[in-house]
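Geometric and topological summary
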Amino acid sequence: MTGPVIDVRDLRKSFGSTHALDGLDLVVQPGEVHGFLGPNGAGKTTTLRILMGLLRADAGSVSLLGGDPWRDAVALHSRLSYVPGDVSLWPSLTGGETLDILGRMRGGDDDARRERLVDAFALDPGVKVSAYSKGNRQKVALIAALAADVELYVFDEPTDGLDPLMSEVFRTEVAALHRAGRTVLLSSHVLAEVDAVCDRISIVRAGRIVESGSLAELRHLQRMTIVAVTGHELHGIEDVPGLADVSYDGTTLRCAVEPAHLDELLSHLAAAGVVSLESRPPTLEEMFLRYYEQADGAR
């Protein structure tokens with residue numbers, strides 16, 4: 001399709017006196033892996049449930065794969081895969097039987113692809129769902145979703161309950177979807193996971209998007225971490241604007257610096273004779289926490 005895969009404008013949803021969504025805007029373009037970030041209660045799961053046609057919005061417009069997720073739910077679900085944050089499966093069935101049913105519900109999966117995923121996620125499909133751990137139930141849902149050859153994959157906290165090795169398997173599969181030109185919307189609390197696989201992110205707070213863009217664009221706005229060792233004592237470092245978290249012991253400086261003031265910092269370091277210099281862009285976790293700290297400070 002030529003337009004956005006997901007196009008949400010001024011979305012609003014209340015539960016009694018609680019405003020879960022308060023004018024949320026979200027755009028996901030074809031072929032991108034889009035991270036959807038925010039703490040519990042920010043509105044992420046409510047947004048996803050509206051996108052899946054499980055909830056009806058109070059106001060605003062929602063376009064999913066060019067259709068209306070409430071009116072066109074059946075047709076749209078044949079073109080997407082969804083893993084909810086609270087996976088519920090049939091306890092009396094085995095994992096393999098569950099995969100069979102979920103596959104038939106969408107018209108059939110690629111058997112070879114499904115078997116590869118079963119092996120990759122180290123799932124025993126002969127065990128009943130009632131005997132599975134939370135992590136194994138999560139694996140069943142992920143295998144069912146990833147085995148489908150669809151246009152859009154939507155994941156809500158997909159690695160909850162998985163060990164680090166299986167989380168890495170999931171990230172590898174998402175990277176493969178990205179290379180194949182598929183679109184992924186990933187809601188996750190694991191910021192390292194989003195940092196590893198997403199090329200764009202949207203940060204939600206109190207039912208509204210407070211920041212959206214590529215990781216490179218958002219990092220450009222944030223402080224870099226600098227560790228420098230100088231041959232001589234630094235003078236006037238306290239006069240350099242845009243510094244934070246400054247630690248200095250005479251010849252070793254650790255600090256964070258705003259990109260706009262990096263030149264001034266480097267000039268001071270050069271005057272003291274740079275012996276070594278390390279710089280690092282902000283991690284996604286640092287960016288996320290700073291956005292929330294700024295928002296809290298403005299209240």
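Located above this text is the structure these notes cover.
Residue indices begin from 1 for each chain and proceed along its sequence in written order. A pLDDT threshold of at least 70 governs which residues receive local features in this predicted model, and a stricter bar of 80 or more applies before side-chain atom pairs are shown or counted, although totals over entire chains, interfaces and linings include all residues. Hydrogens and water molecules were not included; the side-chain quantities draw on all heavy atoms of the structure.

1. What to know about the overall build of the chain
The condition that has to hold: Secondary structure elements are defined from DSSP: runs of H or I of at least 4 residues count as helices, runs of E of at least 2 residues count as strands, and each element is numbered from the N terminus. Contact criterion: two residues are considered in contact whenever any of their non-hydrogen atoms come within 4.5 Å of each other. His is not counted, nor are the chain ends; Lys and Arg add positive charge and Asp and Glu add negative charge. Charged groups are reduced to one reference atom each: NZ for lysine, CZ for arginine, CG for aspartic acid, CD for glutamic acid.
What the chain contains, in helices and strands, is 10 helices and 13 strands. Its C-alpha atoms give the chain principal-axis dimensions of about 70 × 45 × 35 Å. At a minimum sequence separation of 6, the contacts of the chain that also span at least 24 residues come to 67%. In the chain, which carries 29 positive and 43 negative side-chain charges, the distance between the mean positions of the two groups comes to 7 Å.

2. Regarding the nonpolar core
Worth spelling out the cut-off: For the purposes of this section, nonpolar cores are sets of buried Ala, Val, Leu, Ile, Met, Phe, Trp, Tyr and Cys residues that join through side-chain atoms within 4.5 Å. Only protein chains enter the calculation, and the probe is 1.4 Å; a residue is then buried if its accessible area is under 20% of its type maximum, exposed if over 50%, and partly exposed in between.
Core analysis: the biggest nonpolar cluster contains 43 residues, and Leu-37, Phe-121, Phe-155, Val-184, Leu-186, Ile-201 and Leu-284 have the highest contact counts within it. What Leu-186 contacts, discounting residues up to four positions off in sequence, is His-34, Gly-35, Phe-36, Phe-155, Pro-158, Phe-170, Glu-193, Val-194, Val-197 and Cys-198. Judged by nonpolar contacts, the second largest core, of 23 residues, contains Leu-11, Ile-50, Leu-80 and Val-204.

3. Notes on the sheet that holds strand 12 (residues 252-257)
By definition, the strands of a sheet pair up through backbone hydrogen bonds, in either a parallel or an antiparallel sense. This is how the line gets drawn: Two strands are said to pair when DSSP picks up at least two bridges between them. With axes taken as lines fitted to C-alpha atoms, and helix axes fitted only over the stretch in contact, angles between N-to-C directions fall between 0 and 180 degrees.
With antiparallel pairing, the four strands of this open sheet are ordered in space as 11-12-10-13. Unpaired on one side and paired on the other, strand 11 (243-248) and strand 13 (274-280) mark the two borders of the sheet. Within the sheet, the average angular offset between the axes of one strand and its neighbour, ignoring direction, is 15 degrees. For strand 10 (residues 224-230) and strand 13, the ladder comprises six bridges, and the chain directions are antiparallel. Its bridge partner being in strand 13, Thr-230 is matched across the sheet by Val-274.

4. A word on the side chain of Ser-202
Stated formally: For this analysis, a polar contact is any N or O atom pair within 3.5 Å, provided that within protein one partner can donate a hydrogen and the other can accept it, and provided that sequence-adjacent residues contribute only side-chain to side-chain pairs.
Along the polypeptide, Ser-202 turns up in strand 8 (residues 200-205). Relative accessible area serves as the criterion here: at 2%, Ser-202 is assigned to the buried category. Among the polar contacts made by the side chain of Ser-202, one reaches the side chain of His-34 at a distance of 2.7 Å. With residues up to four places along the chain from it excluded, the contact list for Ser-202 reads Leu-26, His-34, Gly-35, Phe-36, Leu-37, Ile-209, Glu-211 and Ser-212.

5. As for the sheet that holds strand 1 (residues 6-15)
The sheet built from three strands is open, its strands ordered 2-1-4 with antiparallel pairing. Two strands bound the open sheet, and with one partner strand each, they are strand 2 (18-28) and strand 4 (59-64). The mean angle between the axes of side-by-side strands here comes to 25 degrees, regardless of whether they run parallel or antiparallel. In the sheet, strand 1 pairs with strand 4 via five bridges, with the strands oriented antiparallel. In the sheet register, Val-8 faces strand 4, and the bridge partner there is Val-62. In the packing of helix 1 (residues 44-51) onto the sheet, the strands contacted are strand 1, strand 2 and strand 4, and the crossing angle to strand 1 comes to about 115 degrees.

6. Brief notes about a nonpolar patch on the surface
Put simply, the rule is: Patch membership needs two things, relative accessible area over 30% and no salt bridge, and members are linked within 9 Å if like-charged or within 5 Å if nonpolar (Val, Leu, Ile, Met, Phe, Trp, Tyr). Methods summary: accessible areas were calculated by the Shrake-Rupley approach with a probe of 1.4 Å, and residue burial reflects only the protein chains presented. Any carboxyl oxygen of Asp or Glu within 4 Å of a side-chain nitrogen of Lys or Arg constitutes a salt bridge here.
On the surface, Leu-266, Val-274 and Leu-277 cluster together to form a nonpolar patch covering roughly 220 Å² of accessible area. Relative to the helices and strands, Leu-277 resides in strand 13.

7. Things to note about the pattern of salt bridges
Scanning the entire structure with this criterion turns up 16 salt bridges. As a salt-bridge pair, Glu-151 and Arg-79 come within 2.7 Å of each other at their nearest N and O atoms. Residue Glu-151 is found in the loop between helix 5 (134-146) and strand 6 (152-156), and its partner Arg-79 is found in the loop between helix 2 (73-77) and strand 5 (80-83); the two are separated by 72 residues along the sequence. Residue Arg-79 is classed as partly exposed on the basis of its relative accessible area, which comes to 28%. Here Arg-223 and Glu-258 are joined by a salt bridge, their closest N and O atoms 3.4 Å apart.

8. Remarks on the packing of aromatic side chains
The test is simple: The aromatic pairing rule takes the rings of Phe, Tyr and Trp, using the six-membered ring of Trp, and pairs them if the centres are within 6.5 Å, calling planes under 30 degrees apart stacked, those over 60 edge-to-face and the rest tilted.
This model, assessed by the stated rule, comprises two aromatic pairs. Residues Phe-155 and Phe-170 carry aromatic rings whose centres are separated by 5.1 Å and whose planes lie at 90 degrees to one another, so their mutual orientation is edge-to-face. Linking Phe-155 in strand 6 with Phe-170 in helix 6 (residues 164-179), this pair joins segments that are 15 residues apart in sequence. Accessibility expressed as a relative area gives 0% for Phe-155, which makes it buried. Taking relative accessible area as the criterion, Phe-170 reaches 0% and is therefore assigned buried. Following the ring pairs from residue to residue traces out a cluster consisting of Tyr-153, Phe-155 and Phe-170.

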